[in-house]
Amino acid sequence: MKKIRIIVTIFLLSVGCFSMLPKTTVNVSAAKAVKVKAKSKSTKSGKFYIVLTGYTKKGKKVWTRKSDKHIGAQVSQVTYKKRKNQVYLFDGKKLKIFRLSSGKKLKQIKLKIGGGHSFAFDSKDNIYLTGYFYNTVYKLDKKGRIKWRKNIKHLGLSNAYGAKYKKGILTVYYEYSPRAGELDMGKHFWIKFNSKNGKIKSYRR
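Residues numbered from 1 in each chain as written. Predicted model: local features only at pLDDT ≥ 70, side-chain atom pairs only at ≥ 80, totals over all residues. Heavy atoms only, no water.

### Some details on the overall build of the chain
Okay, step 1: Looking only at helices and strands, the chain features one helix and 15 strands.
Okay, step 2: Burial statistics for the chain: of 205 residues in total, 38% are counted as buried.
Okay, step 3: Looking at the chain alone, contacts between residues at least 24 apart form 35% of all its contacts between residues at least 6 apart.
Okay, step 4: Total accessible area computed for the chain in this model is approximately 13500 Å², and 53% of it derives from carbon and sulfur atoms. (Helix = DSSP H or I, 4+ residues; strand = E, 2+ residues; numbered from the N terminus. Buried < 20%, exposed > 50% of the residue type's maximum accessible area, 1.4 Å probe, protein only. Contact = heavy atoms within 4.5 Å. Areas by Shrake-Rupley, 256 points an atom, 1.4 Å probe, with all protein chains shown as cover.)

### Things to note about the sheet that holds strand β1 (residues 35–42)
Okay, step 1: What the three strands build is an open sheet, ordered β1-β2-β3; its pairing is antiparallel. Each end of this open sheet is capped by a strand with a single partner; those strands are β1 and β3 (61–66). Going across the sheet, the axis of each strand differs from the next one's by a mean of 20°, ignoring polarity.
Okay, step 2: The pairing of β1 with strand β2 (residues 48–55) spans eight bridges and is classified as antiparallel. In the sheet register, Lys37 faces β2, and the bridge partner there is Thr53. (Pairing = 2+ DSSP bridges. Axes fitted to C-alpha atoms, helices over the stretch in contact; angles between N-to-C directions.)

### With respect to the sheet that holds strand β12 (residues 158–166)
Okay, step 1: Read across the open sheet, the four strands follow the order β12-β13-β14-β15; overall the sheet is antiparallel. Edge positions in the open sheet fall to β12 and β15 (200–204), since each of these has one partner strand only. Taken over all neighbouring pairs, the strand axes of this sheet differ in orientation by 15° on average, direction set aside.

### A closer look at a positive patch on the surface
Okay, step 1: Positive charge collects at one region of the surface, where Lys39, Lys41, Lys47, Lys61, Lys66 and Lys69 lie side by side.
Okay, step 2: Put simply, the parts of the chain that give the positive patch at least two residues each are β1 and β3.
Okay, step 3: According to the relative accessible area criterion, Lys66 is exposed, its value standing at 57%. (Patch = residues over 30% accessible without salt bridge, like charges linked within 9 Å, V, L, I, M, F, W, Y side chains within 5 Å. Salt bridge = Lys/Arg side-chain N within 4 Å of Asp/Glu carboxyl O. Lys, Arg positive; Asp, Glu negative; His and termini not counted. Charge placed at Lys NZ, Arg CZ, Asp CG, Glu CD.)

### Remarks on the side chain of Asp125
Okay, step 1: Examined against the element boundaries, Asp125 turns out to sit in the loop between β8 (117–121) and β9 (127–131).
Okay, step 2: Among the polar contacts listed, one links the side chain of Asp125 to the side chain of Arg83, at a separation of 2.3 Å.
Okay, step 3: Once residues within four sequence positions are removed from consideration, Asp125 is found in contact with Arg83, Lys84, Tyr88, Asp141 and Lys142. (Polar contact = N/O pair within 3.5 Å; in protein donor to acceptor, adjacent residues only side chain to side chain.)

### Brief notes about the nonpolar core
Okay, step 1: Of all hydrophobic cores here, the largest spans 14 residues; its most connected members are Val137, Trp148, Leu170, Val172, Tyr174, Ile191 and Phe193.
Okay, step 2: If you list the elements that add at least two residues to this core, you get β13 (169–176) and β14 (189–194).
Okay, step 3: Those residues within four positions of Trp148 in sequence are excluded, and the remaining contacts are Tyr128, Val137, Tyr138, Lys139, Leu170, Phe193, Asn194, Ser195, Lys196, Asn197 and Gly198.
Okay, step 4: By size, the runner-up hydrophobic cluster in this structure holds 13 residues, among which are Ile109, Ile113, Phe121 and Ile127. (Core = buried A, V, L, I, M, F, W, Y, C linked by side-chain atoms within 4.5 Å.)

### So, the packing of aromatic side chains
Okay, step 1: Across all of its chains, the model carries eight aromatic pairs by this definition.
Okay, step 2: Here the aromatic rings of Tyr128 and Tyr165 are separated by 5.6 Å at their centres, their planes lie at 10°, and the arrangement is stacked. Remark: Tyr165 occurs in strand β12 and Tyr128 occurs in strand β9; sequence separation between them is 37 residues.
Okay, step 3: Given the relative accessible area of 27%, Tyr165 is considered partly exposed.
Okay, step 4: Feature note: the residues Tyr88, Phe90, Phe119 and Phe121 constitute an aromatic cluster, connected by ring pairs.
Okay, step 5: Sitting over the ring of Tyr55, Lys37 keeps its end group 5.7 Å from the ring centre.
Okay, step 6: Taking NZ or CZ as reference, Lys69 lies 5.0 Å from the ring centre of Tyr49, over its face. (Phe/Tyr/Trp six-rings, centres within 6.5 Å; stacked < 30°, edge-to-face > 60°. Lys NZ or Arg CZ within 6 Å of the ring centre and 35° of its normal.)

### A short note on the environment of Gly186
Okay, step 1: Examined against the element boundaries, Gly186 turns out to sit in the loop between β13 and β14.
Okay, step 2: Note on Gly186: relative accessible area 40%, which makes it partly exposed.
Okay, step 3: As a C-alpha pair, Gly186 and Glu175 span eleven residues in sequence and 8.3 Å in three-dimensional space.

Everything listed here is a matter of coordinates, which is why it stays silent on function.
So this is what it looks like as structure tokens:
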């Protein structure tokens, strides 16, 4: 009988020790966004902003991010681009980069362009950037450092509305040409730049 009591006592002590151990939790992988949508909103004072929302493949909302609030202007001060596993938010003179899957803010870069952003990317994640009311084209590396800048005012072209990168050539499209009688968005006026050094290779105005 005494032997049985000893065994029972040892068992109860063992159970008590295990119950005092820290509890472990099983990590359940969080839902990951694979697409993003933007919605424009405005405040009572007339300022506007956009809300970015990341969704799973099945449409479940994972995260939301808001841009800064801006006064209405002729061209938009806010736009975005989903690229690879990141979301680029051009927010006035800021570029905010978020992770697509979680919405986590990865970095923020100061820009020289404040609105009407026209941009393109190359395979090394360099960004080529200009704006509707801006005469300068910039190349930024993925850390936001300016690699080159080129002023095109002497050509008379203005009102940039699009940019394209292909095989080492950056093409920027312009709405206005001094030789045209009206504004044109048919990609008739453009400048082609050497993406490595920013030198102008050709243009049409």
